[in-house]
Amino acid sequence: EAGVTQFPSHSVIEKGQTVTLRCDPISGHDNLYWYRRVMGKEIKFLLHFVKESKQDESGMPNNRFLAERTGGTYSTLKVQPAELEDSGVYFCASSHFRGFSNNEQFFGPGTRLTVL
Amino acid sequence: AQTVTQSQPEMSVQEAETVTLSCTYDTSESDYYLFWYKQPPSRQMILVIRQEAYKQQNATENRFSVNFQKAAKSFSLKISDSQLGDAAMYFCAYSASITQGGSEKLVFGKGTKLTVNP
């Protein structure tokens, strides 16, 4: 079974530019999460999709961030325009279904974003 | 809001020895889940062990075990017979139980970098 994949692994952009990160969850996983780790700080939740619907986007920092999940499969996270403080590692995770207990989240390798 | 604190930014252990990583958390919920995730250098984060708060018995997975003290809101990870492959960043995490309407989003500590010395 293929794991969670993320593209690109690294991205270096200038302040003001746009960047789009992609996440492919494990096939069949309805839940998809985005997290971010800014240097020296905790990994922070950004948002949660259940299939194609945004279940919880309470962690999105501002309206420069836009997440989509087309057809309930892969997801993209676009930052437009990027600011210096957006630099960090963006993780995607997926889990199987919302049943009667919390399910293990499987993480991707992350995308390291550097904004200059 | 829930918080998770890992007070040890770095720890080291000799191969074959035992090491304990500390984690404390704060929540007003009565039912929740606690996790330890491991991220080896340049590799994906993987789940090491998880504990459901309503279970009194401490979770164990081979050489990994936890000491879950619900009243003290403490959740430490013990690694026995440490191996070189255990060297990694270890993250303690919390999530509210979905059976009580909570979100499955994870709240993480800052992590503890574990070095295993040969």
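In what follows, the accompanying structure is described. In this numbering scheme, every chain counts its residues from 1 along its sequence in written order. Chains and ligands are labelled sequentially in the order written, the chains with letters from A and the ligands with numbers from 1. Thresholds applied to this predicted model are a pLDDT of at least 70 for local features of residues and 80 or more for the giving and counting of side-chain atom pairs; totals over whole chains, interfaces and linings are not thresholded and use all residues. Values reported for side chains reflect all heavy atoms of the structure, with hydrogen atoms and water molecules removed beforehand.

**So, the interface of chain A and chain B**
Using the following cut-off: The contact definition used throughout considers only heavy atoms, calling two residues in contact when any of these lie within 4.5 Å. Accessible surface is computed with a 1.4 Å probe, and the buried area is the amount of it that two parts give up when combined, taken over both parts together. What counts as a salt bridge is simple: a side-chain nitrogen of Lys or Arg found within 4 Å of a carboxyl oxygen of Asp or Glu. By definition, any uninterrupted DSSP run of H or I lasting at least four residues is a helix, any uninterrupted run of E lasting at least two residues is a strand, and each is numbered from the N terminus. Note that Gly is not counted as nonpolar here; it falls among the polar residues with everything else outside the nonpolar set of Ala, Val, Leu, Ile, Met, Phe, Trp, Tyr, Cys and Pro and the charged set of Asp, Glu, Lys and Arg.
Facing the 24 residues of chain A at the interface are 22 residues of chain B. Approximately 2,100 Å² of surface area, both sides summed, lies buried where chain A meets chain B, with 50% of it carried by carbon and sulfur atoms. Summed over the three residues of chain A that lose the most area to chain B, namely Ile43, Asn102 and Phe107 of chain A, the buried surface amounts to 33% of that side. Inspection of the chain A/chain B interface yields 1 salt bridge. Lys105 of chain B is paired through a salt bridge with Asp56 of chain A; the nearest N and O atoms lie 3.7 Å apart. Contributing elements (two or more residues each) for the side of chain A that touches chain B: strand S4 (31-37) and strand S5 (43-50) of chain A. If one sorts the elements of the side of chain A that touches chain B by residue count, S4 of chain A sits on top with 4 residues. Classifying every residue of the side of chain A that touches chain B gives 9 nonpolar, 9 polar and 6 charged.

**Re empty space enclosed by the protein**
Using the following cut-off: With a 1 Å grid laid over protein atoms only, a set of points is called a cavity when a 1.4 Å probe fits there but cannot get out and a pocket when it is open yet has protein on both sides within 12 Å along at least five of seven lines; lining residues have an atom within 4 Å of a point. Grid points are joined across faces, edges and corners, and a volume is the space filled by probe spheres set on the points.
Under the defined criterion, the tally for this structure stands at 1 cavity of 30 Å³ or more. Each pocket or cavity is described by its volume, and for the largest cavity that value is around 40 Å³. As for the largest cavity, its lining consists of Asn102, Asn103, Glu104 and Gln105 of chain A together with Phe35, Tyr37, Ser95, Glu104 and Leu106 of chain B.

**Notes on the pairing of strand S7 (residues 65-69) of chain A**
All names here are of chain A. This is how it is decided: Per-residue accessibility, obtained with a 1.4 Å probe over protein chains only, is compared with the maximum for each type, and a residue is labelled buried under 20%, exposed over 50%, and partly exposed between these values. Pairing between two strands is assigned when DSSP locates at least 2 bridges connecting them.
Taking every second residue as pointing to the same face, the buried face of S7 carries Phe65, Ala67 and Arg69, while none of Leu66 and Glu68 on the other face is buried. Of the pairings in the sheet, the one linking S7 to strand S8 (residues 75-79) comprises 5 bridges and is antiparallel in character. Across the sheet, the residue bridging to Phe65 is Val79, located in S8. The antiparallel pairing of S7 with S8 creates a hairpin that spans 5 residues between the two strands, and Gly71 there sits at a positive phi of about 60°.

**Some remarks on the state of the cysteines**
In protein structure, a disulfide is the covalent linkage between the sulfur atoms of two cysteines. Counted only if it meets this: Any pair of cysteine sulfurs within 2.5 Å is marked as a disulfide.
Applying the stated rule across the entire model yields 2 disulfides over all chains. Note that Cys23 of chain A is cross-linked by a disulfide to Cys92 of chain A, the S-S spacing being 1.8 Å. The sign of the S-S torsion, about -60°, decides the handedness of the disulfide formed by Cys23 of chain A and Cys92 of chain A: left-handed. Here the residue Cys23 of chain A occupies a position in strand S3 (residues 19-24), and Cys92 of chain A occupies one in strand S9 (residues 88-95), the gap between them amounting to 69 residues. Residue pairing for Cys23 of chain B: its cysteine sulfur links by disulfide to Cys92 of chain B, the two sulfurs lying 2.0 Å apart. The sign of the -70° torsion about the S-S bond sets the Cys23 of chain B-Cys92 of chain B disulfide as left-handed. Here the residue Cys23 of chain B occupies a position in the loop between strand S3 (19-21) and strand S4 (24-26), and Cys92 of chain B occupies one in strand S10 (residues 88-96), the gap between them amounting to 69 residues.

**With respect to the sheet that holds S8 of chain A**
All names here are of chain A. For the record, the criterion: Every axis corresponds to a line fitted to the C-alpha atoms, with the helix fit spanning only the stretch in contact, and the corresponding angles, defined between N-to-C directions, vary from 0 to 180 degrees.
Within the open sheet, the 4 strands sit side by side as S1-S3-S8-S7. Their pairing is antiparallel. Looking along the sheet, the strands with just one partner apiece sit at the ends: strand S1 (5-7) and S7. The mean inter-strand angle of the sheet, taken between neighbouring strand axes irrespective of direction, is 15°.

**Details of the layout of surface pockets**
Taken as a whole, the largest pocket spans an internal volume of roughly 690 Å³. Lining the largest pocket are 27 residues, with Arg37, Val89, Phe91 and Arg112 of chain A together with Gln39 of chain B sitting closest to its centre. Put simply, the parts of the chain that give the lining of the largest pocket at least two residues each are S9 and strand S11 (111-115) of chain A together with S10 and strand S12 (112-117) of chain B. Per element, the largest residue contribution to the lining of the largest pocket is 4 residues, and it comes from S11 of chain A. Split by residue class, the lining of the largest pocket holds 12 nonpolar, 11 polar and 4 charged. When its volume is computed, the second largest pocket comes out at roughly 280 Å³. Taken together, 13 residues form the lining of the second largest pocket, with Lys44 and Phe45 of chain A together with Gln2, Leu106 and Val107 of chain B sitting closest to its centre. Of all the secondary-structure elements, those providing two or more residues to the lining of the second largest pocket are S5 of chain A together with strand S1 (3-5) and strand S11 (107-108) of chain B. Per-element tally for the lining of the second largest pocket: the top contributor is S5 of chain A, with 3 residues. Its residues assigned to classes, the lining of the second largest pocket shows 6 nonpolar, 4 polar and 3 charged.

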